[in-house]
Amino acid sequence: MKISTNSKKDVYTHIAIIILSLLVLFFSFFFLYLPWSTNHGEAITVPNLKGLSMEEAEDLLSDRNLEFEVTDSTFTPNLKPLTVLSQYPLENSKVKQGRKIYLTINTETAPMIKLPKLTEMSVRSAEQQLLVSGLLKPDLEYQNDIRENEVLEVKYQGTKMDAGTLIAKGSKITLVIGNGTGDTEIDIPCVEGKGFDEAQIIIKGSGLQIGTIIYDPASTEPAGVVFRQNPACSDGGKIRSGEMIDIWISGEQPN
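Here the structure is a predicted model, which is why all the values come from computation and not from measurement.

K.L.:
Can you break down a negative patch on the surface residue by residue, with the values?
P.N.:
A cluster of like negative charges, contributed by Glu55, Glu56, Glu58, Asp59 and Asp63, occupies part of the molecular surface. Tracing the backbone through its elements, the reader meets Glu55 in helix 2 (residues 54-63).

K.L.:
I'd like a description of the nonpolar core, backed by residues and values.
P.N.:
Counting residues in each nonpolar core, the largest one holds 14 residues, and the members touching the most others are Leu115, Leu118, Val151, Val154, Ile167, Ile173 and Leu175. Where this core is concerned, the elements lending two or more residues are helix 3 (123-133), strand 8 (151-156) and strand 11 (174-178). Counting residues per element, this core draws most heavily on helix 3, which supplies three residues. If we skip the residues at most four places from it in the chain, Ile173 touches Leu115, Leu118, Leu130, Pro138, Asp139, Val154, Lys155, Tyr156 and Ile167.

K.L.:
Describe the sheet that holds strand 5 (residues 100-106), and please don't skip the residues or the numbers.
P.N.:
The sheet built from three strands is open, its strands ordered 2-5-3 with mixed pairing. Of all the strands in the sheet, just strand 2 (67-74) and strand 3 (84-88) have a single pairing partner and so form its edges. Here the average twist between neighbouring strands, direction ignored, is 25 degrees. Here strand 2 runs beside strand 5; their pairing, made up of seven bridges, is parallel. Counterpart to Ser73 in the pairing with strand 5 is Ile105.

K.L.:
Tell me what's going on with the environment of Ile44, and back it up with residues and numbers.
P.N.:
When you line up the elements, Ile44 lands in strand 1 (residues 44-45). Overall, the relative accessible area of 14% leaves Ile44 in the buried class. Spatially, the C-alpha atoms of Ile44 and Asn65 are 8.6 Å apart, while their sequence positions differ by 21 residues.

K.L.:
Before we move on, can you summarise the packing of aromatic side chains with the specific residues and values?
P.N.:
Here the structure, examined in full by the defined rule, presents zero aromatic pairs. Just above the ring of Trp248 sits the side chain of Arg228; from NZ or CZ to the centre is 4.1 Å.

K.L.:
How would you summarise the environment of Val225 if you had to cite specific residues and measurements?
P.N.:
Along the chain, Val225 falls in the loop between strand 13 (209-216) and strand 14 (226-230). Spatially, the C-alpha atoms of Val225 and Phe196 are 6.0 Å apart, while their sequence positions differ by 29 residues. The contacts of Val225, once residues within four sequence positions are left out, are Gly193, Lys194, Gly195, Trp248, Ile249 and Ser250.

Each value, and the rule that gives it
Residues numbered from 1 in each chain as written. Predicted model: local features only at pLDDT ≥ 70, side-chain atom pairs only at ≥ 80, totals over all residues. Heavy atoms only, no water. Patch = residues over 30% accessible without salt bridge, like charges linked within 9 Å, V, L, I, M, F, W, Y side chains within 5 Å. Areas by Shrake-Rupley, 256 points an atom, 1.4 Å probe, with all protein chains shown as cover. Salt bridge = Lys/Arg side-chain N within 4 Å of Asp/Glu carboxyl O. Lys, Arg positive; Asp, Glu negative; His and termini not counted. Charge placed at Lys NZ, Arg CZ, Asp CG, Glu CD. Helix = DSSP H or I, 4+ residues; strand = E, 2+ residues; numbered from the N terminus. Core = buried A, V, L, I, M, F, W, Y, C linked by side-chain atoms within 4.5 Å. Buried < 20%, exposed > 50% of the residue type's maximum accessible area, 1.4 Å probe, protein only. Contact = heavy atoms within 4.5 Å. Pairing = 2+ DSSP bridges. Axes fitted to C-alpha atoms, helices over the stretch in contact; angles between N-to-C directions. Phe/Tyr/Trp six-rings, centres within 6.5 Å; stacked < 30°, edge-to-face > 60°. Lys NZ or Arg CZ within 6 Å of the ring centre and 35° of its normal.

Okay, here's the thing in structure tokens:
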């Protein structure tokens, strides 16, 4: 059909028809075609999959017409193998039907790592080193040794282990710790009648520790002199290395 353009009215009519046609195409594209092609109004909420097994996650996604793909795996102690650790898109995201959810899961087998050197370290330092290495907080086993709170030995399932030995990540080991006392018994040193400085030298030189220090201004001994000790040395008793001796000193306590 031809439209006459012999007059201005015909030209305006022609332009109006063109504009109307463009508007129809514009609104049809944005309000009909796009909503249809993108499943407008049919968005699906992504469920929370963290902590679920692969079977549970698959069932949950299948019920929502969503798919999944495992893109990464890592090992986390105390979690069951094939447990979902993270997901993308995140929970509560809105996606289209058939969208693929990408999962990171816990591996079935723990990777092997080298046991770090822990002997001669303090208990606290050793525990921190274990956590950094991916091992669990250890059990502690105390043993008579003057190296108090120092790691003497490392065990795994009752067997001694050396630094560098391969062990499964997430394992729990046992640290053998010195309790500050030794197995060797020695004569109790006598420090009564000695000055405080000399008494310290004698006690520490015997492999012992100074325990409680009590000052007594009512003592008749010269100030600064040890006039009593516990355990006493007069009965010829024995004491284990690393144990403590309490002392009483005459005079006022120094500021």
